[in-house]
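Topology and contacts: notes
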Amino acid sequence: MPLPESVFDYEARLAACARGERAALRDLYVQEGPRLLGVAKRLVRDTALAEDIVHEAFIKIWHGAAGFDPARGSARGWMFSVTRHLALNQLRKQSRETPFSEEHESAAPDEAVDVHSARIHRCLEQLEPQRRSCILHAYVDGYSHAQISARLDTPLGTVKAWIKRSLNALRECMG
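Residues numbered from 1 in each chain as written. Predicted model: local features only at pLDDT ≥ 70, side-chain atom pairs only at ≥ 80, totals over all residues. Heavy atoms only, no water.

What counts here: UniProt positions are given in the numbering used here, feature names are shortened, and annotations may be inferred rather than shown by experiment.
Under an unreviewed UniProt entry, the protein chain has the name Sigma-70 family RNA polymerase sigma factor and belongs to Pseudomonas triticicola. Its UniProt record gives the protein chain the following Sequence similarities (unreviewed entry) comment, quoted word for word: "Belongs to the sigma-70 factor family. ECF subfamily."

Listed below in structure tokens is the structure:
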């Protein structure tokens, strides 16, 4: 049975994980496992996949516990963030995967797709190079805003604003 949240010390358990104390990881799992599973299920909408994500999240929590910085946020929030990012990465991965079949191999390209693709490229060309780069890194390469910020050596807030404005411009351009 989970301990009441006011009594449960997440930071102490993460510090214990960083020291290699497996019981602390078990305590974290008992306390937050069901909630983390709920978050993952809501995002990926597949119980088995959500269970895999939570399993991977606890592995990351175990290995990354030493890097947790309480000055940057709560320990519990960090755990939820790890799980959420794994689920979102899984969704991005799934959206990039296209099943291959003989049907696809012999099918002629669809004109509507070609026209749509040409419109997207035309609209992307209208964006400033740095903003276009942000959009491509986020939606083609699957980078997080923080990764884009580091890659372009640009403040995180600027990257977020560029992406938001660029998406609005693309929506407007696409009609």
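Alright, that's what it looks like, and here's the rest.
1. Notes on the state of the cysteines
Just so we agree on the cut-off: Note on disulfides: each one is a pair of cysteine sulfur atoms within 2.5 Å. Only DSSP runs of H or I with at least four residues qualify as helices, and only runs of E with at least two residues qualify as strands; both kinds are numbered from the N terminus onward.
Under the counting rule described, the total for this entry stands at 1 disulfide. The partner cysteine of C123 in its disulfide is C173, sulfur to sulfur 1.9 Å. Every disulfide takes its handedness from the sign of the S-S torsion; for C123 and C173 that torsion is -80°, giving left-handed. In this pair, C123 is assigned in helix α6 (residues 111–126) and C173 in helix α9 (residues 156–174), connecting sequence segments 50 residues apart.

2. Considerations on helix α1 (residues 10–18)
Applicable threshold: Each residue's exposure class comes from its accessible area (1.4 Å probe, protein chains only) as a fraction of the maximum for that residue type: buried when under 20%, exposed when over 50%, partly exposed otherwise. Our arc is simply the arc of the directions from the helix axis toward the C-beta atoms. Residue contacts follow a heavy-atom distance rule, with two residues in contact if any of their heavy atoms lie within 4.5 Å. We define a polar contact as two N or O atoms separated by no more than 3.5 Å, with the added condition that, inside protein, one atom must be a possible hydrogen donor and the other a possible acceptor, whereas residues neighbouring each other in sequence contribute only through side-chain atom pairs.
Every buried residue belonging to α1 is among Y10, R13, L14, A16 and C17, and all of these are buried. In a view along the axis of α1, the buried residues occupy a sector of 160°, so they form one face of it. Buried-residue contacts for α1 involve α2 (22–44), α3 (47–64) and α4 (75–96). Where α1 begins, one side-chain oxygen reaches toward the backbone nitrogen of E11, 3.3 Å away; that side chain belongs to D9. G20 occupies a position one or two residues after α1 and carries a positive phi of about 90°.

3. What to know about the packing of aromatic side chains
Defined as follows: Each pair of aromatic rings taken from Phe, Tyr and Trp, with Trp reduced to its six-membered ring, is defined by centres within 6.5 Å and is described as stacked if the planes are under 30 degrees apart, edge-to-face if over 60, and tilted in the remaining cases. Note on geometry: a ring has a charge over it if NZ (lysine) or CZ (arginine) is within 6 Å of the ring centre and within 35 degrees of the ring normal.
Summed over the entire model, instances satisfying the criterion amount to 3 aromatic pairs. On the basis of an interplanar angle of 70° and a centroid distance of 5.1 Å, the ring pair of Y29 and F58 is categorised as edge-to-face. Taken together, the residues span a long stretch of sequence, with Y29 in helix α2 and F58 in helix α3 at a distance of 29 residues. In this structure Y29 comes out as partly exposed when scored by relative accessible area, which is 47%. Of the residues examined, F58 reaches a relative accessible area of 7% and is grouped as buried. Ring centres of F68 and W78 lie 5.6 Å apart, and the angle between their planes is 50°; this geometry places the pair in the tilted category. On the criterion of sequence distance, the pair formed by F68 in the loop between α3 and α4 and W78 in helix α4 is long-range, its members being 10 residues apart. Against the face of F8 rests R13, its NZ or CZ located 4.3 Å from the ring centre.

4. Focus on α9
Keep this limit in mind: Expected span of a helix: the number of residues minus one, times 1.5 Å.
Given a rise of 1.5 Å per residue, 19 residues ought to cover 27 Å, and the 27 Å separating the end C-alpha atoms of α9 matches this to within 8%. Along α9, the residues that are buried comprise V159, W162, I163, S166, L170 and M174. Looking straight down α9, one finds that the buried residues subtend no more than 100° of arc, so they occupy a single side. The exposed residues of α9 that point more than 90 degrees off its buried face are G157, K164, R171 and E172. Immediately beyond the C-terminal end of α9, within one or two residues, lies G175, with a positive phi of roughly 80°.

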